Amino acid sequence: VKEMLIKMKGYSLVALLLLLLFSKAVLVTAATSSCYNKAPCGTIGYQRPSVFHQHCCLIANHGKAIKLRQNNHLSLIFCPIGGSPQSVCESKGIFNDRSCSEILERSPNATSGYYDITLTNETIVSVYCDMEGSNCDGAGGWMRVGYFNMREPGSTCPPGLYTQTYNNQEFCDKSYSFSNGCSSMFYSSIGLNYTRVCGQVKGYQFGHPDSFINLQQFSITIDGAYSDGISITHGSNPRTHIWTYSAGKEENDTSLLACPCNTGYPGDPLPSFIGNDYYCESATDSVAVDTFYPNDTLWDGQQCNGLESPCCASSKMPWFLKVLNQSTLDDIEMRICSTESYPDEATPIELVEIYIKT
C-alpha cells in the first residue's frame, strides 16, 4: 500500500480511497472464494477461480462495483469496463453462454441439469437444459421453458389455468365459468431465438369431448376454441400453430365427434394451420356425461383399439417435435379449450413439459 501511495502522489483522495478499497476487496474475498456455477471442486487439479474472476468474468458486471459480504466482512470488487480477458475467464471455467446449445457445443459431454446463461440484456438466469434430447430430436441443447406435474408434492397450476378436482385428485383445467372457449397461459422464451419446439402433455377425458367438431361445423379460426383439448401456439393476430392435443368422443366412433385419425372418420381434412401436427385419442368406447376416465391416459400411444388404432401410430407419443418455418422470440401460449361446459366435457391435464431450441 505504501508503494501505491508513493506512485499515486498527486491523485485525488477519492481515487486513493477507491484503490485502497479495491485492494482490500481482492485480498479479503480471494481468501474466501467458493466454487463457481457448481464447478467440480473435488476434482484433482481443480483450482477455484478467485472471487474477482467469479464476478468480473460475467458480462453483466463489467464496469460495475460489486459489494460483497462474506464472513461478516463487507468488501467491494471493481470490475473493469471490459471485464477480464475471455481467455483467462474460460481457462478458469467461467463462460457467458447464451443458450443450452452453446453450452453443449463448448462441452459435448455436458449432462442434463441447471446451467447459468446470459441473456441479451446481460441478465444471468438459471435454466434447465436437456443435453440428451432423446424425447425430441435425439440431440441435446434443449432449454425447458415450461413445466408442471400435479403429482409432485406442492405443485400448483400456472396462472391462467384453474385447479379442478377429478376422482379426488387435482388437475389443471379451463374455467368452469364459461362453455365454448379457452383458458390460456404463457411460457416465456426469455428473449431467446428458437426454431424448434418439443414437449409433452398428459391429460384425461371427462364426459364427451368432441374433438374438432367446431372446425367441421363452424368457421372457427386458430384464435377460437377449434378443438376440445390443448392448443399450443406462439405469436398473436393471428396465432401460429405448434401442436394440438385433441380428445374425441369414443374410440370406435365414426361421426364428426370422433378423432380425425379414426378409421372411417367422415369429416373434411383439417385446415392447413393444423395439418398433421396433432394427437387425438379417446379414453372409452361407451361415453357417459359427468364421468371421469382415469384408466386410459390420453395421447400416450397406448390402449388405442379398434377404429382408433391409427391415432397411436407415432412412436414419439406423448412427445411432439415441431420445426418452425422461421425463428422467433415469441412466448409460447398453451390453452385448454372446449366447445361445451362442465359437466358435459373436459380434458383436465396433470403434466406439461415444453422445450425450445435454436
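First, a word on scope: everything that follows refers to the structure included in this document.

Rules used in this analysis
- Starting from 1, residues in each chain are numbered consecutively following that chain's sequence as written.
- Note on the predicted model: pLDDT of at least 70 is required for a residue's local features to be given, and 80 or more for side-chain atom pairs to be given and counted; whole-chain, interface and lining totals, by contrast, use all residues.
- Water and hydrogen atoms were dropped before computing side-chain values, which therefore reflect all heavy atoms in the structure.
- Numbering of helices and strands runs from the N terminus, with a helix taken as a DSSP run of H or I at least four residues long and a strand as a DSSP run of E at least two residues long.
- Only protein chains enter the accessibility calculation, which uses a 1.4 Å probe; a residue is then buried when its area is under 20% of its type maximum, exposed when over 50%, and partly exposed in between.
- Residues are treated as being in contact if the distance between any of their heavy atoms lies within 4.5 Å.
- What counts as a salt bridge is simple: a side-chain nitrogen of Lys or Arg found within 4 Å of a carboxyl oxygen of Asp or Glu.
- Cavities and pockets are found on a 1 Å grid laid over the protein atoms alone: a cavity is a set of points where a 1.4 Å probe fits but cannot escape, a pocket is an open set with protein on both sides within 12 Å along at least five of seven lines, and a lining residue has an atom within 4 Å of such a point.
- Grid points are joined across faces, edges and corners, and a volume is the space filled by probe spheres set on the points.
- Residues are grouped as follows: nonpolar covers Ala, Val, Leu, Ile, Met, Phe, Trp, Tyr, Cys and Pro; charged covers Asp, Glu, Lys and Arg; every other residue, Gly included, is treated as polar.
- All the domain ranges listed were derived from an automatic or database domain assignment.
- In this analysis, strands are considered paired if DSSP registers two or more bridges between them.
- Angular values range over 0 to 180 degrees, each being the angle between N-to-C directions of two axes fitted as lines to C-alpha atoms, with helices fitted over their stretch in contact.
- What we call a nonpolar core is a set of buried Ala, Val, Leu, Ile, Met, Phe, Trp, Tyr and Cys residues that are connected through their side-chain atoms within 4.5 Å.

Observations regarding the overall build of the protein
Thinking step 1. Helix and strand counts for the protein stand at six helices and 17 strands.
Thinking step 2. Each of the 358 residues in the protein was classed as buried or not, and the buried ones make up 47%.

Describing the side chain of threonine 328
Thinking step 1. Locating threonine 328 in the fold gives a position in strand E14 (residues 319-328).
Thinking step 2. Residues in contact with threonine 328, not counting those within four places in the same chain, are Leu192, Asn193, Tyr194 and His234.

Some remarks on the pattern of salt bridges
Thinking step 1. In the structure shown here, the tally under the stated rule is nine salt bridges.
Thinking step 2. Here aspartate 97 ties to arginine 106 by a salt bridge, and the two come within 2.6 Å at their closest N and O atoms.
Thinking step 3. The partly exposed category is assigned to arginine 106, whose relative accessible area is 33%.
Thinking step 4. Salt-bridge contacts for glutamate 350 lead to arginine 151; the nearest nitrogen and oxygen are separated by 2.5 Å. Placement of the pair is glutamate 350 in strand E17 (residues 349-357) and arginine 151 in the loop between strand E5 (142-149) and strand E6 (162-166), with a sequence separation of 199 residues.
Thinking step 5. Its relative accessible area of 5% is what places glutamate 350 among the buried residues.
Thinking step 6. For arginine 151, a relative accessible area of 32% translates into the label partly exposed.

Observations regarding the layout of surface pockets
The method is simple in principle: a probe with the dimensions of a water molecule rolls over the atoms, and the space it marks as empty is what remains.
Thinking step 1. In this structure, the second largest pocket occupies an estimated 180 Å³ of space.
Thinking step 2. Considering the residues around the second largest pocket, the lining is formed by His234, Thr240, His241, Lys322, Val323, Leu324, Asn325, Gln326, Ser327, Thr328 and Asp330.
Thinking step 3. Elements that contribute at least two residues to the lining of the second largest pocket include exactly strand E11 (240-247) and E14.
Thinking step 4. Sorting elements by how many residues they give to the lining of the second largest pocket places E14 first, with seven residues.

A look at empty space enclosed by the protein
Thinking step 1. Counted by the stated rule, this structure contains three cavities of 30 Å³ or more.
Thinking step 2. Taken as a whole, the largest cavity holds about 70 Å³ of empty space.
Thinking step 3. Around the largest cavity, the lining residues are Ser99, Cys100, Ser101, Gly141, Trp142, Met143, Leu192, Asn193, Tyr194, Ile356, Lys357 and Thr358.
Thinking step 4. Where the lining of the largest cavity is concerned, the elements lending two or more residues are helix H5 (100-106), E5 and E17.
Thinking step 5. Across the lining of the largest cavity, the residue classes break down as six nonpolar, five polar and one charged.
Thinking step 6. Mapped onto the domain boundaries, the lining of the largest cavity takes at least three residues apiece from domain 1 (49-131) and domain 2 (145-357).
Thinking step 7. Residue lining of the second largest cavity: Asp173, Lys174, Ser175, Tyr176, Phe178, Ser338, Glu340, Ser341, Tyr342, Glu345 and Ala346, and that is the complete set.
Thinking step 8. Here the lining of the second largest cavity is composed, by residue class, of four nonpolar, three polar and four charged.

Some words on the sheet that holds strand E8 (residues 181-187)
Through backbone hydrogen bonds, the strands of a sheet pair up, either in parallel or in antiparallel fashion.
Thinking step 1. Taken in spatial order, the five strands line up as E8-E15-E10-E11-E12 in an open sheet, and their pairing is mixed. Lying at the two open borders of the sheet, with one neighbouring strand each, are E8 and strand E12 (278-281). Across the sheet, the mean angle separating the axes of adjacent strands is 15 degrees when strand polarity is ignored.

Some remarks on the nonpolar core
Thinking step 1. In this structure, Ile232 and Ile349 are the most contacted members of the largest nonpolar core, which totals 46 residues.
Thinking step 2. Looking at which domains feed residues into this core, each of domain 1 (49-131) and domain 2 (145-357) supplies at least three.
Thinking step 3. Discounting chain neighbours no more than four positions away, the residues touching isoleucine 349 are Phe148, Met150, Phe171, Cys172, Val201, Lys202, Gly203, Ile230, Trp299, Met334 and Ile336.
Thinking step 4. Ile222, Tyr226, Cys259 and Cys261 belong to the second-largest nonpolar core, a separate cluster that totals 11 residues.

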